[in-house]
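# Overview (structure and organization)
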Amino acid sequence: MSNRFGEFGGQYVPETLMTAVLELEEAYGFYKNDEDYQAELSRYFSEYTGRPSLLYFAERMTEDLGGAKIYLKREDLNHTGSHKINNVLGQALLAKKMGKTRLIAETGAGQHGVATATVAALLDMECEIFMGREDTERQALNVYRMELLGAKVNAVESGTQVLKDAVNETMREWTRRVSDTHYLIGSCMGPHPFPTMVRDFQSVISKEAREQILKAEGVLPKAVIACVGGGSNAIGSFYHFIPDREVELIGCEAAGKGLGTGQHAATIATGVSGIFHGMKSLFCQDDYGQIAPVYSISAGLDYPGIGSEHADLHARGRAKYVPITDAEAVDAFEYLSRIEGIIPAIESAHAVAYALKHAREYDGPIVVVVSGRGDKDVAAMARYKGVNLHE
Amino acid sequence: MNKKMFVSFVTAGDPSMEATKGFIEALSKHSDIVEVGLPFSDPVADGAAIQKANIRALENGATTDSMFDMLEAVEFGGKAILCYVNSVFVYGYEKFFERCERARVYGVIIPDLPYEERDEVLPFAKKHNVHLITLIAPTSKRRIAKLAKDATGFIYLVSSLGSTGARTSEFSGDLEGITAEIRKVTDIPICIGFGISTREQVEKMSSIADGVIVGSGFVKIIEEHAENSVEKLENYIKILKGEKDV
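This structure is a prediction, so every number in the text was calculated from the model and none was measured.

### Thoughts on empty space enclosed by the protein
One pass over the full model with this rule turns up eight cavities of 30 Å³ or more. Reported here for the largest cavity is a volume of approximately 390 Å³. Lining the largest cavity we find 30 residues, and of these His83, Lys84, Gly300, Leu301 and Glu347 of chain A sit closest to its centre. Of the residues in the lining of the largest cavity, the class split is nine nonpolar, 17 polar and four charged. Residue-level mapping places the lining of the largest cavity at the junction of two domains, with at least three residues from each of domain 1 (4–45 + 84–198) and domain 2 (51–81 + 203–384) of chain A. By volume, the second largest cavity amounts to about 190 Å³. In terms of lining residues, the second largest cavity is bounded by 22 residues, among which Ile50, Tyr156, Thr164, Phe194 and Gly215 of chain B are the most central.

This is the structure we're talking about:
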């Protein structure tokens, strides 16, 4: 297993964690090709998550926008409401096979934390979630949800008290207690083998989508469009299309209040090479390598880096990454709700926004990935619109 | 080795570079090496005390350049730098170690640069005659011989699991065993660090290895007394070394 994607990737972790990371690499190398493990994972995918997820032809949206024939890949229909469960099931099952009894994870908005708490309950494992203090306040309902599922939620007080700091604190916790504990990283980031492993588990999205679109249309899509924070749903959505050179791969990153304002999380547009959170990749940072505070209306995209494989796809020109502002994402959130009766996660709305802007330029099918459902965002959207809502 | 080594630590630029210079000069009278932490926004190997020191230093405008300017003005030859790999990578490996050499820095400790990744950094350290210090942890197990064999300067033996900062009882039970394993392949000094903050701990760890590294204890004094820390720092180091009663 290569531990790099071009110049990006690697294993930049403290010595205390090296043995654990190398053991994980070895175990994943084995179980990846283990038929029993794969069969068990497939069974959970179909019987617990509800896979395959639908590829839905958005007819009214297609008619309204003109140009592309728009298909939505419905990861929002998965159990727990997003693509996160694909990776969590894969890693938790692996951790259990390795004899680990405890899962720890970071979460931003709470989607990954909820998925991890869910699978910990399913597999009878202990679970602790680390979440920035500010995010626990913004997403109080998800905190309660994780606790309901039996997880302990730790509010992270250090640093800027958001996702990046939750990752720092989960790393610290892993160095405190590593022998019985697996750090279930939620995105295609961190030290090798995490980016490869997370991508493999999420690649079920593109495996299904490729078969589904060929069945429906008899041709490959002109483009596959997904939102990118750390980039796990995007890498999963791109993966099986990477060899299909004619398929455009488009990642939509959070431009927040606009690239010029300094309040955004657009890593590809504004970041430079660095080494952080275990990997060499692109990061929003200053001239001395201090990691920049980032901003997005979407807590799930509010991360100053990007998965190492995306950095390489960008460097090779195989995928294109575009900034989408808060305002564009909110418009898309409302648009998809009204025209198709599908409320997307505000993260996913960044991908929908690209289709809104550019559908007319395509003739042929395109796939827009709805990575999660938007129920969690309804209150925040109401606040954004100035609606006084009592939960 | 008869005399035990003592390595002390302060964060560069907390509360100012000028103050840090004074702290290093004071501590150098009682230390073999003074480690200077280059502040980083996200110090994942550090506990609360050093995290806060990093934030204070950054808020006070500390940068890689201002740290090197300060270090160049300190005569003491036992200077080491503790920094995160991103600070070195972004500054440029060649430029970073060239400045280390100019400031007569003895060694650089990069906690998030493990053995497997250090080949991209090591040639620059060697070229500029700076030791890239090897860290060994209680979890290193089968890796110990490999890591120790290539080590130069001194070995930084991590005392226990977790990040830096004071602790009372959770040191790894096998530091003697790890030390013995290291001894099979190298003669360079072994210093134990992470969580050492009392005279009893210094005595115990010094008896196991060749010396100790104390960090958070000094940083906490600076947190409390800021510019006026010099006397307190000297007092504390004398207590730790048994040269003065508590």
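There is more to say after this.
### Looking at the packing of helix H1 (residues 17–28) of chain B against helix H3 (residues 64–72) of chain B
Residues and elements named next belong to chain B. At their nearest, the axes of H1 and H3 sit 10 Å apart, and the two run at 40° to each other. It follows from the interaxial angle that H1 and H3 lie oblique. For the crossing formed where H1 meets H3, the hand is right-handed. Contact residues: H1 offers Met17, Thr20, Lys21 and Ile24, while H3 offers Ser66, Met67, Met70 and Leu71.

### Topic: the interface of chain B and chain A
Contact residues are listed per partner, giving 37 residues for chain B and 33 residues for chain A. When the two sides are added together, the surface that chain B and chain A hide from each other amounts to roughly 2900 Å², 53% of it contributed by carbon and sulfur. Counting across the chain B and chain A interface gives five salt bridges. Taken together, the links from chain B to chain A amount to 21 residue pairs in polar contact (both at pLDDT 80 or more).

### Description of the layout of surface pockets
Over the atoms rolls a probe the size of a water molecule, and its path tells where empty space is left. Residues and elements named next belong to chain A. The calculated volume of the largest pocket comes to roughly 640 Å³. Lining of the largest pocket is provided by 33 residues; of these, Arg138, Gln139, Asn142, Lys376 and Asp377 occupy positions nearest its centre. Looking at the lining of the largest pocket, the elements with two or more residues in it are helix H5 (111–122), helix H6 (133–138), helix H7 (140–148), helix H15 (346–358) and helix H16 (378–384). Class assignment of the residues belonging to the lining of the largest pocket gives a composition of 14 nonpolar, nine polar and 10 charged. Counting residues domain by domain, the lining of the largest pocket receives three or more from each of domain 1 (4–45 + 84–198) and domain 2 (51–81 + 203–384).

### Side note on helix H10 (residues 216–225) of chain B
Owing to its 3.6 residues per turn, the α-helix aligns residues three or four sequence positions apart on the same side. All names here are of chain B. Every buried residue belonging to H10 is among Ser216, Gly217, Phe218, Val219, Ile221 and Ile222, and all of these are buried. Where H10 is buried, its residues contact strand S1 (5–11), H1, helix H2 (48–59), strand S9 (211–214) and helix H11 (230–240). With its phi angle positive at about 45°, alanine 226 sits one or two positions after the end of H10.

### Digging into the domain arrangement of chain A
Residue and element names in this part refer to chain A. Here chain A is described as being made up of domain 1 (4–45 + 84–198) and domain 2 (51–81 + 203–384). Each of domain 1 and domain 2 was reduced to a C-alpha centroid, and the two centroids are 22 Å apart. Summed over both sides, the interface between domain 1 and domain 2 buries roughly 2900 Å², with carbon and sulfur atoms accounting for 61% of that surface. There are zero salt bridges connecting domain 1 and domain 2. Broken down by secondary-structure element, the contributors of at least two residues to the side of domain 1 that touches domain 2 are strand S1 (4–5), strand S2 (8–12), helix H4 (84–97), H5, helix H8 (163–176) and helix H9 (194–202). Here the residues of the side of domain 1 that touches domain 2 are counted per class, giving 16 nonpolar, 13 polar and five charged.

The rules behind these values
- Residues numbered from 1 in each chain as written.
- Chains lettered and ligands numbered in written order.
- Predicted model: local features only at pLDDT ≥ 70, side-chain atom pairs only at ≥ 80, totals over all residues.
- Heavy atoms only, no water.
- 1 Å grid on protein atoms, 1.4 Å probe; cavity = no way out; pocket = protein on both sides within 12 Å on 5 of 7 lines; lining within 4 Å.
- Points joined across faces, edges and corners; volume = space filled by probe spheres on them.
- Nonpolar A, V, L, I, M, F, W, Y, C, P; charged D, E, K, R; others polar.
- Domains from an automatic or database assignment.
- Axes fitted to C-alpha atoms, helices over the stretch in contact; angles between N-to-C directions.
- Helix = DSSP H or I, 4+ residues; strand = E, 2+ residues; numbered from the N terminus.
- Parallel < 35°, antiparallel > 145°, perpendicular 65-115°, else oblique.
- Left-handed = near helix turned anticlockwise from the far one by under 90°.
- Contact = heavy atoms within 4.5 Å.
- Buried area = accessible area lost by both parts, 1.4 Å probe.
- Salt bridge = Lys/Arg side-chain N within 4 Å of Asp/Glu carboxyl O.
- Polar contact = N/O pair within 3.5 Å; in protein donor to acceptor, adjacent residues only side chain to side chain.
- Buried < 20%, exposed > 50% of the residue type's maximum accessible area, 1.4 Å probe, protein only.

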